[in-house]
Amino acid sequence: AQSVTQPDIHITVSEGASLELRCNYSYGATPYLFWYVQSPGQGLQLLLKYFSGDTLVQGIKGFEAEFKRSQSSFNLRKPSVHWSDAAEYFCAVGAMEYGNKLVFGAGTILRVKS
Amino acid sequence: NAGVTQTPKFQVLKTGQSMTLQCAQDMNHNSMYWYRQDPGMGLRLIYYSASEGTTDKGEVPNGYNVSRLNKREFSLRLESAAPSQTSVYFCASSEGRGNIQYFGAGTRLSVL
């Protein structure tokens, strides 16, 4: 069965520090990969996506993610975190072979300390 | 351009009551989805509609029904609400390569 694991439930970083959020997946197909962000009381906003090609993808708000097929990972990174980045982040995986459905990870809550 | 609109934003029900959550999208997308979000569990798919006139069960369909009223609208119905259905419900729509999903702001439902 398809699954997505975000190993860190909570992460706290200092403002200005670098950030890496981990995402591992188990999928029996060539995956499409996404990172979404959810601010408190809001819906989910797409940060970035990977379909094919260059394994390093750039997204909005200065985020990037790298697809590593050998490690079944799609980790999200940001070189310098801002206080406004405090939110919950979700990794999601889909594949053409599984129709239009996405499988989401449980989420990682990011806290930013000043 | 409103995107995906959900109503209501908040709702409190008593056990056994029924209600319908409404969702409409103005992006001319074929596919629409209903998820529930519970702490520590991410988003779980309740039902989805790949195109107008079709609906399919997702991971957690029990206790819910859906209607794809037309291409724009996809409603979720709780026939007899239970406390276990207390959650935040999100509607999403998608189109095109890779199935990028666009989400509404959510409905926060409490069942007492």
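Notes on the structure in this doc start here. Nothing here was measured: the structure is a model prediction, and the numbers come from that model.

1. Re the interface of chain A and chain B
Then, in step 1: Tallying the contact residues gives 20 residues for chain A and 21 residues for chain B.
Then, in step 2: Here chain A packs against chain B, burying approximately 1,700 Å² in sum over the two surfaces, 58% of which is carbon and sulfur.
Then, in step 3: At the boundary of chain A and chain B, one finds zero salt bridges.
Then, in step 4: Our count for the contact surface shared by chain A and chain B stands at three residue pairs in polar contact (both at pLDDT 80 or more).
Then, in step 5: Every element with two or more residues in the side of chain A that touches chain B is listed here: β5 (32-38), β6 (44-50), β10 (87-94) and β11 (102-104) of chain A.

2. Overview of the state of the cysteines
Residues and elements named next belong to chain A.
Then, in step 1: The full count for this structure, using the stated rule, is two disulfides over all chains.
Then, in step 2: Sulfur-sulfur distance for the disulfide between Cys23 and Cys91 comes to 2.0 Å. Classification of the bridge connecting Cys23 and Cys91 rests on its S-S torsion, roughly -65°, and on that basis the disulfide is left-handed. Separated by 68 residues along the polypeptide, Cys23 in the loop between β3 (19-21) and β4 (24-26) and Cys91 in strand β10 bring together distant segments of the chain.

3. A few points about the layout of surface pockets
Then, in step 1: What the largest pocket holds in volume is close to 300 Å³.
Then, in step 2: Surrounding the largest pocket, 15 residues form its lining, Leu102(A), Val103(A), Phe104(A), Leu45(B) and Glu59(B) being those nearest its centre.
Then, in step 3: When residues of the lining of the largest pocket are traced back to their parent elements, those giving at least two are β11 of chain A together with β5 (43-49) of chain B.
Then, in step 4: Together, 17 residues line the second largest pocket, and Glu88(A), Gln37(B), Asp38(B), Pro39(B) and Gly40(B) are the ones closest to its centre.
Then, in step 5: When contributions to the lining of the second largest pocket are tallied by element, the ones reaching two or more residues are β10 of chain A together with β9 (87-95) of chain B.
Then, in step 6: Grouping the constituent residues of the lining of the second largest pocket by class yields seven nonpolar, seven polar and three charged.

4. A closer look at unusual backbone geometry
Then, in step 1: A cis amide bond links Thr7(B) with the next residue in sequence, Pro8(B), at an omega value of -10°.
Then, in step 2: Even without a glycine there, the phi angle at Ser72(A) is positive, about 50°.
Then, in step 3: Looking at the secondary structure, you find Ser72(A) in the loop between β8 (64-68) and β9 (73-78).
Then, in step 4: One non-glycine residue, Asn28(B), adopts positive backbone phi at about 60°.
Then, in step 5: By secondary structure assignment, the location of Asn28(B) is in the loop between β3 (19-25) and β4 (31-37).

Quick notes on the rules
- Residues numbered from 1 in each chain as written.
- Chains lettered and ligands numbered in written order.
- Predicted model: local features only at pLDDT ≥ 70, side-chain atom pairs only at ≥ 80, totals over all residues.
- Heavy atoms only, no water.
- Contact = heavy atoms within 4.5 Å.
- Buried area = accessible area lost by both parts, 1.4 Å probe.
- Salt bridge = Lys/Arg side-chain N within 4 Å of Asp/Glu carboxyl O.
- Polar contact = N/O pair within 3.5 Å; in protein donor to acceptor, adjacent residues only side chain to side chain.
- Helix = DSSP H or I, 4+ residues; strand = E, 2+ residues; numbered from the N terminus.
- Disulfide = S-S within 2.5 Å.
- 1 Å grid on protein atoms, 1.4 Å probe; cavity = no way out; pocket = protein on both sides within 12 Å on 5 of 7 lines; lining within 4 Å.
- Points joined across faces, edges and corners; volume = space filled by probe spheres on them.
- Nonpolar A, V, L, I, M, F, W, Y, C, P; charged D, E, K, R; others polar.

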